[in-house]
Amino acid sequence: MRLDPRAPLVLDTRELGRRPGSQRRVTLSAPAPADLGIEVLRVPEGSPVSFELRLEAVMEGVLVTGTAQAELEGECVRCLVDIHDEVVADFQELFVYEESDTARHPHGGEDDDVSRLEGDLLDLEPLLRDAVVLMLPFQPLCRDDCPGLCIECGARLADEPGHHHEEPVDPRWAALQGLPGLAEDRSEN
Ligand SMILES: [Zn+2]
Ligand SMILES: [Zn+2]
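Residues numbered from 1 in each chain as written. Chains lettered and ligands numbered in written order. Predicted model: local features only at pLDDT ≥ 70, side-chain atom pairs only at ≥ 80, totals over all residues. Heavy atoms only, no water.

**Some thoughts on the coordination of the zinc ion (ligand 2)**
Selection criterion: Any nitrogen, oxygen or sulfur atom within 2.8 Å of a metal ion counts as a donor, with the limit raised to 3.2 Å for Na, K and Ca, and since water is left out, coordination shells can look unfinished. Geometry assignment treats four donors as tetrahedral when all angles are between 85 and 135 degrees, treats four as square planar and six as octahedral when opposite donors are over 155 degrees apart and all others between 65 and 115, and treats everything else as irregular. Each helix is a run of H or I in the DSSP string that is no shorter than four residues. Each strand is a run of E no shorter than two, and both are numbered from the N terminus.
Summarising the metal site, the zinc ion (ligand 2) is bound by the protein donors Cys 150 (SG), Cys 153 (SG), His 163 (NE2) and His 165 (NE2), whose distances to it range over 2.0 to 2.3 Å. Classification of the site at the zinc ion (ligand 2) rests on its 4 donor atoms, whose angles at the metal span 104 to 115°, yielding the label tetrahedral. All donors of the zinc ion (ligand 2) come from a single chain, and their spacing in sequence reads C-x2-C-x9-H-x1-H. Within this pair, whereas Cys 150 is found in the loop between helix H1 (125-135) and helix H2 (171-177), its partner His 165 is found in the loop between H1 and H2, the two being separated by 15 residues in sequence.

**Here we look at the environment of Pro 161**
Just so we agree on the cut-off: Here the term buried applies to any residue with accessible area under 20% of the maximum for its type, exposed to any over 50%, and partly exposed to those in between, with areas from a 1.4 Å probe on protein chains only.
Within the secondary structure layout, Pro 161 lies in the loop between H1 and H2. Look at Pro 161 and you get exposed, because its relative accessible area is 78%. For the pair Pro 161 and Pro 147, spaced 14 residues apart in sequence, the C-alpha to C-alpha distance is 9.2 Å.

**Quick notes on the coordination of the zinc ion (ligand 1)**
Those donors, Cys 76 (SG), Cys 79 (SG), Cys 142 (SG) and Cys 146 (SG), are the protein atoms that reach the zinc ion (ligand 1), and they lie 2.3 Å from it. Ordering the donors of the zinc ion (ligand 1) by residue number gives the pattern C-x2-C-x62-C-x3-C. Here the residue Cys 79 occupies a position in the loop between strand E6 (61-75) and strand E7 (82-96), and Cys 146 occupies one in the loop between H1 and H2, the gap between them amounting to 67 residues. Neither Cys 79 nor Cys 146 differs from the other in exposure class; each is buried.

**Quick look at the confidence of the model for the protein chain**
Using the following cut-off: Confidence per residue, as judged by the predictor, is encoded in pLDDT with a range of 0 to 100. Note on definitions: a residue-residue contact is assigned when non-hydrogen atoms from the two residues lie within 4.5 Å.
Summarising the model, the protein chain shows a mean pLDDT of 88, and 82% of its residues fall at 70 or more. Considering only residues more than four positions removed or in separate chains, one finds that residues 182-189, a stretch of pLDDT under 50, has 1 contact.

**Focus on the nonpolar core**
Put simply, the rule is: To qualify as a nonpolar core, a set must consist of buried Ala, Val, Leu, Ile, Met, Phe, Trp, Tyr and Cys residues joined through side-chain atoms within 4.5 Å.
With 37 residues, the main nonpolar core has Val 43, Phe 51, Leu 53, Val 64 and Leu 124 as its most contacted residues. Where this core is concerned, the elements lending two or more residues are strand E2 (23-31), strand E4 (41-43), strand E5 (48-58), E6, E7 and H1. For Leu 124, the contacting residues outside a window of four places in its chain are Leu 9, Leu 28, Phe 51, Leu 53 and Val 64.

**A short note on the pairing of E7**
When a strand is regular, its side chains alternate between the sheet's two faces. Formally: Two strands are said to pair when DSSP picks up at least two bridges between them.
Sheet analysis places E6 next to E7, joined by 15 bridges and oriented antiparallel. From the neighbouring strand, Leu 63 faces E7, where its bridge partner is Leu 94. The antiparallel pairing of E6 with E7 creates a hairpin that spans 6 residues between the two strands, and Leu 80 there sits at a positive phi of about 70°.

**Looking at the packing of aromatic side chains**
Going by this rule: Two rings from Phe, Tyr or Trp (for Trp, the six-membered ring) form a pair when their centres are within 6.5 Å of each other. A pair whose planes differ by under 30 degrees is stacked, one over 60 is edge-to-face, and the rest are tilted.
For the coordinates displayed, the defined rule picks out 1 aromatic pair. With 6.4 Å between their ring centres and 65° between their planes, Phe 51 and Phe 91 make a pair best called edge-to-face. Placement of the pair is Phe 51 in strand E5 and Phe 91 in strand E7, with a sequence separation of 40 residues. Classification of Phe 51 by relative accessible area gives buried; the value is 2%.

**Section: the side chain of Thr 13**
For clarity, the threshold we go by: Under the rule applied, a polar contact is a pair of N or O atoms within 3.5 Å (in protein, one hydrogen donor and one hydrogen acceptor; residues adjacent in sequence only if both atoms are side-chain atoms).
Structurally, Thr 13 is set in the loop between strand E1 (10-12) and E2. Accessibility expressed as a relative area gives 5% for Thr 13, which makes it buried. Within the structure, Thr 13 has its side chain in polar contact with the backbone oxygen of Asp 120 (distance 2.7 Å). Once residues lying within four places of it in the same chain are set aside, the contact partners of Thr 13 are Leu 55, Leu 117, Asp 120 and Leu 122.

**As for the pattern of salt bridges**
Stated precisely, the cut-off is as follows: What makes a salt bridge here is a side-chain nitrogen of Lys or Arg within 4 Å of a carboxyl oxygen of Asp or Glu, nothing more.
Per the stated rule, a full pass over the model turns up 13 salt bridges. Salt-bridge contacts for Glu 75 lead to Arg 42; the nearest nitrogen and oxygen are separated by 3.3 Å. Remark: Arg 42 occurs in strand E4 and Glu 75 occurs in strand E6; sequence separation between them is 33 residues. Across the pair Asp 145 and Arg 143 runs a salt bridge whose closest N-O atoms are separated by 2.8 Å. A relative accessible area of 53% means that Asp 145 is categorised as exposed. The class for Arg 143 is partly exposed, based on a relative accessible area of 37%. When salt bridges with common partners are traced through the structure, they connect Asp 12, Arg 14, Arg 18, Glu 99 and Asp 120 into a single cluster.

Structural data, given as structure tokens:
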């Protein structure tokens, strides 16, 4: 499948040229693709992702170094409250020229993990996905010491620092109170 030059995360490197050492800075903002992040914490689809990139032509391709910044939405895994945060992800990737033999095996085929230019175009999306996911906590919390939910009533303990329940009635007393003998004694008084 060929890259679409109009796709928001496809970058045209024509202006950079191919003379090794040539550099260009690019800033751009693109809408976030779907499913960017993990289930409990992700960049909302369509929200802006800001890129600051440095492109550098090297012998075998274009070296892309940069930062992507985006907002995050998710839920605390302990208390389920909504989390709004932002992610700043750094990355660096070499995009090899289409016609370059770098990373091509002598008998055909090539390493799957090589990023390749298509003509002058490169795709930032795989790069963005890898960089963002790496930055996300495996188990997001609303705060590091989130006390979670009350196991008896489900209240969010971070909202109620003094939250507690009256001591439950001792089950042995509860049993005695229900004994018919005791009830009869009381009625005679
Ligand atoms: Zn929490
Ligand atoms: Zn409670």
